Amino acid sequence: MMKLGTLSLSTTTTKSSKPMVSLSFWIPYFTHWGQSLLVCGSAPGLGSGNVKKGLLLKPSQQEDQLIWSGSASVPPGFTCDYCYYVVDDLKNVLRTEFGMKRKLVVPEVLAGGESVQLRDLWQSGDQALPFRSAFKDVIFRNTGDVKVGKALGVFENKSDQDDSVVVQFKICCPDVGEGTSVYVLGTSGKLGKWKVEGGLRLNYVGDSMWEADCLIPKADFPIKYRYCKVKDGNIGLESGGNREVSLHSSSNKQEYIVMSDGLFREMPWRGAGVAVPMFSVRSEDDVGVGEFLDLKLLVDWSVDSGLHLVQLLPVNDTSVHKMWWDSYPYSSLSVFALHPLYLRVQALSESLPADIKEEIEQAKKQLDKNDVDYEATMETKLSIAKKIFDLQKDQTLNSSSFQKYFSENEGWLKPYAAFCFLRDFFETSDHSQWGTFSDYTDAKLEKLTSKDSLHYDTICFHYYIQYHLHVQLSEASEYARKRGVVLKGDLPIGVDRNSVDTWVNKNLFRMNTSTGAPPDYFDKNGQNWGFPTYNWEEMSKDNYGWWRARLTQMGNYFTAYRIDHILGFFRIWELPAHAMTGLVGKFRPSIPLSQEELEKEGIWDFDRLSKPYVQKKFLEEKFGDFWPFIASNFLNETQKDMYEFKEDSNTEKKIAAKLKSLAAKSLLLENEDKVRRDVFDILRNVVLIKDPEDTRKFYPRFNIEDTSSFQDLDEHSKNVLKRLYYDYYFHRQEDLWRKNALKTLPALLNSSNMLACGEDLGLVPACVHPVMKELALVGLRIQRMPSESDVEFGVPSNYDYMTVCAPSCHDCSTLRAWWEEDEERRQRYFKEVIGVDEIPPSQCVPEITHFILRQHVEAPSMWAIFPLQDMLALKEEYTSRPAKEETINDPTNPKHYWRYRVHVTLDSLMKDIDLKSTIKNLVSSSGRSVPASGEDDNNKK
């Protein structure tokens, strides 16, 4: 049996003439009971990447730290990658380090017999942030211009004196500008005794890592030290307390100590950005809607305004219905395909015929409206694109660039093109109506996309559109990177029920369910988005391959992304497919109330509690004299003054269909929408929801105490059900939801290098923020939706660093509209937040906008991101449009038309020096980073 904490390694079967080197691992880390630390590497002796075969470390208490250590014997020249894991007693992985694997290099020149000590720090999520593409490839990209000074891990000094030790200092320092040096200063004379003149200058070894070593007398230990940056004689010493290195043994071996010290400690980087839907952008070149190539102009405006980030809503194809309903950007037809709406048709060819050029110019004039005309714009663009395709399809489809794109994307591109063809052929996206093609198979796909098929031209047209969308978005994306602007995408929580993804991967979705959100700030009745919920058990079988492919695809264009409704990765609000509203749902996964549990508490009448509780008096109160009509059409009387719903009216969808039929026959004398809402209220008058898959399991209805069904119960039953309600929603699920998120979210985070931000608004379980902190997920803070339950308005100065802060977002009214909505709330805000005990102005004047934006840029949050509408409110001339018209989405309306367009062109905004200066001064005066505006001028549009 292998002895705990020791191992003999060799990477070669050839006998070495040199003695082995003693290699020891040493890392401080506090674990919980039953947990251990293990090191696993790429070499055979460290498990060859198999954690079960890794080296288990031993714990020891050293002052206030729990130290895990272990040793191995390796030959000189030994190399491998390695990282640490928290494991249970069976070596099952409980937690993994973030960031890149560590590189281990034992110098070839060692004679053998030496001791090499690796003193590491656990790489937490925030330690990995500099390696996310938003920072590495965009914000800190100039560090990549620093020349590598030496090879990683190579010792420049030799431990050939018994009274000295070679210490190698390693630090990750991602933000190093040109002409800047990195030093170690400390108490030892070898570290300059805190003076730069005698300090140890580090060499750049790549990937933001700096290192150097020196021979230090043992008498100098313990040594206190810090890292610093030096430029033009100015010294920037890292923040925090002194670091320390001491000798752990009195070994006679020649010693080498490698101090891997994590990140350079300095004031956290902070930046600002603008959020605007792609469809809302307006330029002089676009045709009816914002287009991907408009992003180049938006990037230029952002740089001039001191903004490091542009945030978009989802840009995937949503063409499910082929009408304005498809304006909803979160209901994807395909999670891989880009939306044809954002295509710039005049960029499809450099040699457009004169008649097509004229058609484009006419279309620009006709579609230059106040809001997006979704249907007309789609029809026009696809019509023009088809004419250009007919002229140049052979040239494009035979080009090497298209062939490369096709080979890299055919896994999703061919099913997408086939789906679009079948959608148009059958005139529906409901693939259950497609006859023999309802069930997807690879053989059917090959037949549909065969070059010999009569419709192959149609298939190729969809390839052609996606290829050019890819080219145009890639051009904009690369432009943003070069100008130092992060392009942030949006990952929707769901896909449309009638989508390519549910057709091809039906087993990954629970098609008899619907996704939504329980009642919250956005909607007191909850939300029903209509998406099927995910079959996480099935998805886990290939380590969430579908999700990983989505993120890999997004990473081709974006360097950061927003995870829509991140709470859904902990638990999702699941509704039956027959529901239209979001109130009567349950969390999945969740621990239900069992029949046995309820019976022990004296709860027995499950039919009474789980079926709509309908009394005559309720009907009279709700419908007045109209109640007999409702009763005769929707209800059966079961006993005197008690009713139940008829079979043809016992779901929300059945009720809606019957009301529509009655209205069509002119039998409905009342307002149809109002009657539907009132009948729905009666249907939802339940206390418990019975599990459709297990009739002995129940879930308490949300806001249980608001129901007359609950109010009519005896006091004992009320007390029991209230207690179980709070247990179900706020206590018993926490560990389950935490474990669920820690299974699913790391698969997403590890599948791309994008910076991940989570939209964590709504009913937030207690486990969410600790998990997000552990995974280094950036949260969202909206001032009018504080995460604290005891305040009305959030305090930006109290926000955590790992957050995005904003005064509003696309799911709520703009800053101006919010200010005008509620006079009493406006007065409270004016007094409590702005600190003025006077009557506030009725409109959000530029001075108030400036105050609110300044609050946010001065917050500790990593990002302050403002909707473009809120930034335009800084200048009175841009506030002429009614504030309500600037709202992007109304979450209470499932059929909202997403069509808002900014009323001023980007071309005009580029000329507004005053607005750009105002925004840039706000950002820079708060200590946030601003892009270098003169940078890459040759790349400017």
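Going by the structure above, here's the rest.
These figures come from a predicted structure and were not determined experimentally. (Residues numbered from 1 in each chain as written. Predicted model: local features only at pLDDT ≥ 70, side-chain atom pairs only at ≥ 80, totals over all residues. Heavy atoms only, no water.)

Undergrad: Hey, could you run me through the overall build of the protein chain in this one?
TA: Of regular secondary structure, the protein chain possesses 26 helices and 39 strands. Its C-alpha atoms give the protein chain a radius of gyration of 32 Å, within 12% of the compact-globule value 30 Å for 941 residues. Dimensions of the protein chain along its principal axes, counting C-alpha atoms only, are 100 × 80 × 75 Å. Pairs at least 24 residues apart make up 72% of the contacts formed inside the protein chain by residues separated by at least 6 positions. (Helix = DSSP H or I, 4+ residues; strand = E, 2+ residues; numbered from the N terminus. Rg over C-alpha atoms; globule rule 2.2 N^0.38 Å. Contact = heavy atoms within 4.5 Å.)

Undergrad: Would you take a moment to explain the packing of helix H14 (residues 627–634) against helix H15 (residues 652–664) for this structure?
TA: When two helices pack together, you describe them by how their axes are tilted relative to each other and by the distance separating the axes. The contact between H14 and H15 brings their axes to 12 Å, and the two run at 115°. Our pair here, H14 against H15, has a crossing hand that is right-handed. From H14, Phe629, Asn633 and Phe634 reach across to H15, where they touch Ile655, Lys658, Leu659 and Leu662. Partitioning the contact of H14 with H15 into residue classes produces five nonpolar, one polar and one charged. (Axes fitted to C-alpha atoms, helices over the stretch in contact; angles between N-to-C directions. Left-handed = near helix turned anticlockwise from the far one by under 90°. Nonpolar A, V, L, I, M, F, W, Y, C, P; charged D, E, K, R; others polar.)

Undergrad: Would you explain the side chain of Lys916 in this entry?
TA: Topologically, Lys916 is positioned in helix H26 (residues 913–925). At a separation of 3.0 Å, a polar atom in the side chain of Lys916 contacts the side chain of Asp304. Ignoring sequence-local partners within four residues, the contact set of Lys916 consists of Trp301, Asp304, Ser305, Leu909 and Met910. (Polar contact = N/O pair within 3.5 Å; in protein donor to acceptor, adjacent residues only side chain to side chain.)

Undergrad: Please explain unusual backbone geometry as it appears in this structure.
TA: The general pattern is negative phi for most residues beyond glycine and trans for most peptide bonds. Residues Phe221 and Pro222 are joined by a peptide bond in cis, for which omega reads -5°. Geometrically, the link from Arg588 to Pro589 is a cis peptide bond, its omega value of -5° lying close to zero. Here Pro589 shows up in the loop between strand S29 (586–588) and strand S30 (593–594). Positive phi outside glycine occurs at Glu427, with the angle close to 60°. Considering the arrangement of structural elements, one finds Glu427 in the loop between helix H5 (400–426) and helix H6 (442–448). In the Ramachandran plot, His565 falls in the positive-phi region, its phi being about 50° despite a non-glycine side chain. Mapped onto the secondary structure, His565 falls in the loop between strand S27 (560–563) and strand S28 (572–576).

Undergrad: Please clarify how the environment of Val105 should be interpreted in this entry.
TA: Within the secondary structure layout, Val105 lies in strand S9 (residues 102–105). With a relative accessible area of 29%, Val105 lands in the partly exposed category. Beyond its immediate sequence surroundings of up to four residues, Val105 is in contact with Phe78, Thr79, Leu152 and Gly153. (Buried < 20%, exposed > 50% of the residue type's maximum accessible area, 1.4 Å probe, protein only.)

Undergrad: What should I look at first to understand helix H23 (residues 846–857) in this one?
TA: Given 3.6 residues per helical turn, the α-helix brings residues three or four places apart onto the same face. For H23, built from 12 residues, the straight-helix expectation of 16 Å at 1.5 Å per residue is met to within 8% by its first-to-last C-alpha distance of 16 Å. For H23, the set of buried residues is Ile848, Thr849, Ile852, Leu853, Gln855, His856 and Val857. Contacts from the buried residues of H23 go to strand S38 (803–806), helix H21 (815–821), helix H22 (823–832), strand S39 (863–867), helix H24 (868–872) and H26. (Expected span 1.5 Å × (residues − 1).)

Undergrad: Mind showing me how you'd approach the pairing of strand S22 (residues 486–491) here?
TA: In regular strands, side chains alternate between the two faces of the sheet. With respect to burial, S22 is a largely interior element, six of its six residues being buried. Here S22 shows a buried face lined by Val486, Lys488 and Asp490 and a second buried face lined by Leu487, Gly489 and Leu491. The sheet contact formed by strand S21 (residues 309–311) and S22 spans three bridges and is parallel. Across the sheet, Leu309 pairs through a bridge with Val486, a residue of S22. In the sheet, S22 pairs with S27 via four bridges, with the strands oriented parallel. Directly across from Asp490, in S27, lies its bridge partner Arg562. (Pairing = 2+ DSSP bridges.)

Undergrad: Which parts of the structure should I look at to understand the packing of aromatic side chains?
TA: Aromatic ring pairs are reported here in terms of the distance separating the ring centres and the angle at which the planes meet. With the rule as written, the count across this model stands at 64 aromatic pairs. Their ring planes at 80° and their centres at 5.2 Å tell us that Trp546 and Trp547 sit as a pair that is edge-to-face. For Trp546, a relative accessible area of 8% gives the class buried. For the ring pair Trp818 and Tyr829, a centre distance of 5.4 Å and an interplane angle of 85° mean the geometry is edge-to-face. Linking Trp818 in helix H21 with Tyr829 in helix H22, this pair joins segments that are 11 residues apart in sequence. For the pair Trp818 and Tyr829, a shared accessibility class is recorded, and that class is buried. Among the aromatic side chains, those forming a connected cluster through ring pairs are Trp573, Phe587, Tyr699, Phe702, Tyr725, Tyr726, Tyr728, Tyr729, Phe730 and Trp737. The aromatic ring of Trp737 is capped on one face by Arg571, whose charged end is 5.4 Å from the ring centroid. Sitting over the face of the ring of Tyr613, Arg608 holds its NZ or CZ atom 3.7 Å from the ring centroid. (Phe/Tyr/Trp six-rings, centres within 6.5 Å; stacked < 30°, edge-to-face > 60°. Lys NZ or Arg CZ within 6 Å of the ring centre and 35° of its normal.)

Undergrad: Is there a simple way to think about the pairing of strand S16 (residues 223–231) in this case?
TA: Counting buried positions over the nine residues of S16 gives seven, a clear majority of the element. In terms of strand pairing, strand S12 (residues 181–186) meets S16 through six bridges, oriented antiparallel. Bridging across to S16, Ser181 finds its partner in Val230. Bridge analysis of S16 against strand S18 (residues 243–245) gives three bridges, and the strand direction is antiparallel. The residue bridging Lys224 from the neighbouring strand is Glu244, located in S18. In this structure, S16 lies alongside strand S17 (residues 234–237), joined through four bridges in antiparallel fashion. Each bridged residue has a counterpart across the sheet, and for Lys229 the counterpart in S17 is Gly236. Counting the residues that bridge the hairpin from S16 to S17 gives two residues, and of these Asp232 lies at a positive phi of roughly 50°.

Undergrad: How should I be thinking about the sheet that holds S38 in this particular structure?
TA: Backbone-to-backbone hydrogen bonds join strands into a sheet, with any given pair of strands oriented parallel or antiparallel. Within the open sheet, the eight strands sit side by side as S36-S27-S22-S21-S20-S39-S38-S37. Their pairing is parallel. Here the strands that pair on one side only, and so sit at the sheet edges, are strand S36 (755–758) and strand S37 (779–782). Strand-to-strand twist across the sheet, computed as the mean angle between neighbouring axes with direction ignored, equals 25°. Summarising the sheet, S37 and S38 pair through four bridges and their orientation is parallel. When the sheet's bridge partners are listed, Ile782 is paired in S38 with Ala806. Across the sheet, H23 is in contact with S38 and S39; its angle to S39 comes to roughly 150°.

Undergrad: When you look at the sheet that holds S28 in this model, what are you seeing that I'm missing?
TA: Reading across from one edge, S25-S24-S28-S29 is the order of the four strands in this open sheet, with antiparallel pairing throughout. Strand pairing shows two members of the sheet lacking a second neighbour, strand S25 (527–528) and S29, which therefore form its edges. Here S28 pairs with S29 via three bridges, running antiparallel. Residue pairing across strands places Glu574 opposite Lys586, the latter belonging to S29.

Undergrad: Sorry, what's going on with the nonpolar core here?
TA: In globular proteins that are soluble, nonpolar side chains generally tend to be buried together. Residues Leu295, Trp301, Trp546, Trp547, Tyr561 and Leu721 are the most contacted members of the largest nonpolar core, which totals 180 residues. Filtering out sequence-adjacent residues up to four positions away, Trp546 remains in contact with Val335, Phe336, Val495, Asp501, Asn505, Leu508, Phe509, Tyr534 and Met539. Core analysis: the second largest hydrophobic core is formed by 30 residues, Val21, Val39, Leu104 and Leu118 among them. (Core = buried A, V, L, I, M, F, W, Y, C linked by side-chain atoms within 4.5 Å.)

Undergrad: Explanation requested: the pattern of salt bridges in the structure shown.
TA: Working definition: two side chains of opposite charge can pair if their charged atoms are close together. Within this structure, the stated rule accounts for 65 salt bridges. With a shortest N-O distance of 3.0 Å, Asp304 and Lys916 are connected by a salt bridge. Separated by 612 residues along the polypeptide, Asp304 in helix H2 (residues 294–304) and Lys916 in helix H26 bring together distant segments of the chain. A relative accessible area of 17% places Asp304 in the buried class. Several salt bridges converge on common partners, so that one network encompasses Arg510, Glu537, Glu574, Lys586, Arg588 and Glu693. (Salt bridge = Lys/Arg side-chain N within 4 Å of Asp/Glu carboxyl O.)

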